[in-house]
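Next come the chains, spelled out residue by residue.
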Amino acid sequence: MPCKPTKVNGGRTRNLPIHDLEKWNNFKGYNVQDVVVERAVDESLAWFTISDFEMDMWHLDQKINSTGVKIDLQLVTNAVAIDVQNTIDLKEEMKQLTGIINPKSVAQIKKFILDQTGTTVPALNKETISIVKEMFKDNPVVRKVIDIKENLSFTSITKYKAIQNSYCKDQTVKGLFQYYGASRTGRWSGRNVQLQNLKRNDLDDLDLARQAVKQNSIDSIRLCWDNTSRVLSNLVRTAFIPSDGHKLVVSD
């Protein structure tokens with residue numbers, strides 16, 4: 001396997017069997033035993049047969065995963081670029097307001113609030129942040145700091161990068177579900193982009209937001225909405241588009 005060249009290993013960039021025969025023989029022995037165990041498991045389950053229904057479902061699953069879902073790559077690419085710029089701007093604004101070295105540090109933000117107001121706040125997570133906002137509704141600086149903290153905490157935006165990492169030459173992402181991924185219930189599990197927990201849309205005008213992102217206009221987004229991270233989070237679902245001659249149907 002590849003290795004980092006050092007003085008000890010003579011500057012080589014790859015470890016070969018001859019470089020450590022003892023480890024190599026142990027590795028081969030492990031593989032032999034692995035085959036023995038797998039063969040024993042296979043023989044012990046020889047009596048078990050999968051129903052025709054489950055086989056049909058599995059074949060359908062393979063077809064779905066190998067076909068994939070088409071992606072609006074321009075939207076995804078621009079969303080990632082806008083998120084990078086927005087994060088830089090938010091961190092800089094936080095530093096100017098507070099002097100905090102690490103704007104994502106909850107401990108530093110809580111200390112800033114304590115120094116400014118004399119109040120110790122609870123955890124600044126999704127469940128409590130609205131309560132904390134209400135506590136300091138009459139303190140514009142602290143309220144702004146909490147807003148920035150909330151904007152920097154949007155995790156759903158990372159799905160854009162997951163889409164980029166899974167993007168295929170035919171303009172789709174594939175392998176989005178694992179058949180029988182949940183061993184106890186037999187339900188599918190989400191893989192790669194994890195489609196099973198996409199954020200719901202709560203913007204009034206998704207088309208306008210999409211157009212702004214596709215034009216790579218962060219200024220337009222900031223002009224129309226007060227939270228760029230929320231806009232990008234809302235548009236994750238719209239990155240999945242139907243192939244030509246098809247349409248997406250949502251059912252639950």
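Structural data are supplied above this passage.
These lines cover the structure that appears in this document, whether it is placed above or below. (Residues numbered from 1 in each chain as written. Predicted model: local features only at pLDDT ≥ 70, side-chain atom pairs only at ≥ 80, totals over all residues. Heavy atoms only, no water.)

**Some details on the overall build of the protein**
Helices and strands together make up the secondary structure of the protein, namely 10 helices and 5 strands. Radius of gyration (C-alpha) of the protein: 26 Å, far over the 18 Å computed for a compact globule of 252 residues. On the principal axes, the C-alpha backbone points of the protein span a range of 70 × 60 × 35 Å. By the burial criterion, 30% of the 252 residues in the protein qualify as buried. Within the protein, residue pairs in contact and separated by at least 24 positions form 59% of the contacts whose partners lie at least 6 positions apart. On the protein, roughly 17000 Å² of surface is accessible, and the fraction owed to carbon and sulfur atoms is 53%. On the protein, the mean spot of the 35 positive side-chain charges and the mean spot of the 30 negative ones are 5 Å from each other. (Helix = DSSP H or I, 4+ residues; strand = E, 2+ residues; numbered from the N terminus. Rg over C-alpha atoms; globule rule 2.2 N^0.38 Å. Buried < 20%, exposed > 50% of the residue type's maximum accessible area, 1.4 Å probe, protein only. Contact = heavy atoms within 4.5 Å. Areas by Shrake-Rupley, 256 points an atom, 1.4 Å probe, with all protein chains shown as cover. Lys, Arg positive; Asp, Glu negative; His and termini not counted. Charge placed at Lys NZ, Arg CZ, Asp CG, Glu CD.)

**Side note on the sheet that holds strand β1 (residues 69-71)**
Pairing within the open sheet is antiparallel, and its 3 strands lie in the order β2-β1-β5. Every other strand in the sheet has two partners, leaving β2 (172-173) and β5 (240-241) as the edge strands with one partner each. Note that β1 and β2 share 2 bridges and pair antiparallel. Residue Val-69 lies in a different strand from β2, and its bridge partner there is Val-173. (Pairing = 2+ DSSP bridges.)

**Overview of the environment of Thr-120**
Inspection of the secondary structure puts Thr-120 in the loop between α4 (106-117) and α5 (129-135). By relative accessible area, which is 62% here, Thr-120 ends up exposed. When the C-alpha atoms of Thr-120 and Lys-110 are compared, they prove to be 7.0 Å apart, with 10 residues separating the residues in sequence.

**Describing the pattern of salt bridges**
Per the stated rule, a full pass over the model turns up 13 salt bridges. Note that Asp-244 is salt-bridged to Lys-70, the shortest N-O span being 3.6 Å. Highlighted residues: Asp-244 in the segment after β5 and Lys-70 in strand β1, separated in sequence by 174 residues. The exposure class of Asp-244 is exposed, given its relative accessible area of 66%. Between Lys-144 and Glu-93 there is a salt bridge, with its nearest N and O atoms 3.7 Å apart. One end of the pair, Lys-144, is in helix α6 (residues 140-151); the other, Glu-93, is in helix α3 (residues 73-98), and 51 residues separate them in sequence. For Glu-93, a relative accessible area of 29% puts it in the partly exposed group. Linked through salt bridges whose partners overlap, the residues forming this network are Lys-133, Arg-143, Asp-147 and Glu-150. (Salt bridge = Lys/Arg side-chain N within 4 Å of Asp/Glu carboxyl O.)

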